[in-house]
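Chain by chain, the residues run as shown.
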Amino acid sequence: MTAKVVTITSGKGGVGKTTAVANLAVALAADGKKVVCIDGDIGLRNLDIVLGLENRIVYDVVDVIEGRCRLRQAMIRDKHFQDLFLIPAAQTRDKNAVSPSDMVRVCDELRPDHDFILIDSPAGIERGFRNSIAAADKVLVVTNPEVSAVRDADRVVGILEAEEKYSPALVLNRLNPAMVKSHDMLSAADVLDLLAIQLIGIVPEDEGVIVGSNRGTPVALDGKSRAGQAFRNISKRLQGQEVPFLDLDKQEGLWGRIQRLAGGRK
Amino acid sequence: MGGFFDRMFGSKRSAESAKERLQLVLVHDRTDLTPAQLEALKDDLLKAISRHIEIDPAAVQIGLERDGREQRLVADIPLRSVARRRAG
């Protein structure tokens, strides 16, 4: 077994990177994969609370790098899945405590015993981002259908392509089908045309995502959630399966259809 | 909000504005070329070409175009025919 290292990044903050990592992690673990997530946002630890593991942290990734603990000791086992682990970010240090070669070393030590290593990159294109992509086999760029997020995603894709060793794929997060329908939101086709990279998933806007974060139970565990379904589909694609993209229009609920027929918009 | 009035006065829906604005800004982001620098480049190109052949500066179109993730500088420069040049 040799793990695939997948880094999730975005350029702009607040587009749903951490949520995407948490959801892909549980979706992969639910398929029986051995998964480790690494929170790469040193100083702004977040993945622990989204996964509901914030009370179990003893050591963090900087403790591993600086030799204060063994790798195993910093790996926190998930509440739901035996084979899902989190290596948390340090909260009281900054990004300069880690170098790209440190991340490569940590990932190389994890590779033999796992199927997937997911790295949650910080926003921006500086040191923390460089650290997060250093070991990546695959980079997922998360964006929202908003001008600022798309522009920043394009910068990140440009940087990744300039380095030639990464193959970026796009996760379009928080798409609102009703707004797309009324031409008040960029469509998936628009964003793909602008960014011109491979698409790996479209995640519809879903209140369940916040409810999941509130509880520390990612929405991918909710079989009825559309966003959860979208994340489960991305996890299948990461495993090399061909899964058709969700038809977001067709899945529009009864309420959405009533609103549309009534000519109303949210 | 405003959907009805937008339609009535024929103004663009916001998604269309977003796409058009992004198309422009991404070309400049990717090439690290500001609109002012592009204008200066156009002027230099026109001057250079005019030294060799007669052209109508008003008919010249020079701009950056996207092709996937690649950008190219495209120039469309109509040449005046010899007959017209003599007549003019």
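Refer to the structure printed above.
The paragraphs below set out a description of the structure included in this document.

Calculation criteria
Residues numbered from 1 in each chain as written. Chains lettered and ligands numbered in written order. Predicted model: local features only at pLDDT ≥ 70, side-chain atom pairs only at ≥ 80, totals over all residues. Heavy atoms only, no water. Salt bridge = Lys/Arg side-chain N within 4 Å of Asp/Glu carboxyl O. Helix = DSSP H or I, 4+ residues; strand = E, 2+ residues; numbered from the N terminus. Buried < 20%, exposed > 50% of the residue type's maximum accessible area, 1.4 Å probe, protein only. Pairing = 2+ DSSP bridges. Contact = heavy atoms within 4.5 Å. Axes fitted to C-alpha atoms, helices over the stretch in contact; angles between N-to-C directions. Buried area = accessible area lost by both parts, 1.4 Å probe.

1. So, the pattern of salt bridges
Piece 1. By the definition in use, this model includes 22 salt bridges over all chains.
Piece 2. Put simply, arginine 30 of chain B and aspartate 154 of chain A hold a salt bridge, and the shortest N to O gap is 2.6 Å. With arginine 30 of chain B in helix 2 (residues 14–31) and aspartate 154 of chain A in helix 7 (residues 147–163), this residue pair bridges two chains.
Piece 3. Given a relative accessible area of 3%, aspartate 154 of chain A falls into the buried group.
Piece 4. What emerges from the salt-bridge pattern is a single network uniting Asp63, Glu66, Arg68 and Arg93 of chain A.

2. Topic: the sheet that holds strand 2 (residues 35–39) of chain A
Residues and elements named next belong to chain A.
Piece 1. Reading across from one edge, 3-4-2-5-1-6-7-8 is the order of the eight strands in this open sheet, with mixed pairing throughout. Only two strands of the sheet have a single partner each, and these edge strands are strand 3 (76–77) and strand 8 (198–204).
Piece 2. The pairing of strand 6 (residues 138–143) with strand 7 (residues 168–175) spans five bridges and is classified as parallel. Bridge pairing in strand 7 places leucine 140 opposite alanine 169.
Piece 3. Running over the sheet, helix 7 touches strand 1 (4–9), strand 6 and strand 7 and is turned about 165 degrees from strand 6.

3. Brief notes about the interface of chain B and chain A
Piece 1. On the chain A side, the residues contacting the 16 residues of chain B number 19 residues.
Piece 2. Summed over both partners, the interface of chain B with chain A buries about 1,600 Å², with 50% contributed by carbon and sulfur atoms.
Piece 3. The largest contributions to the chain B side of the interface with chain A come from Lys19, Leu22 and Arg69 of chain B, which together make up 38% of the buried area.
Piece 4. There are eight salt bridges connecting chain B and chain A.
Piece 5. A salt bridge links aspartate 29 of chain B to arginine 151 of chain A; the nearest nitrogen and oxygen atoms lie 2.6 Å apart.
Piece 6. Sorting elements by how many residues they give to the side of chain B that touches chain A places helix 2 of chain B first, with 10 residues.

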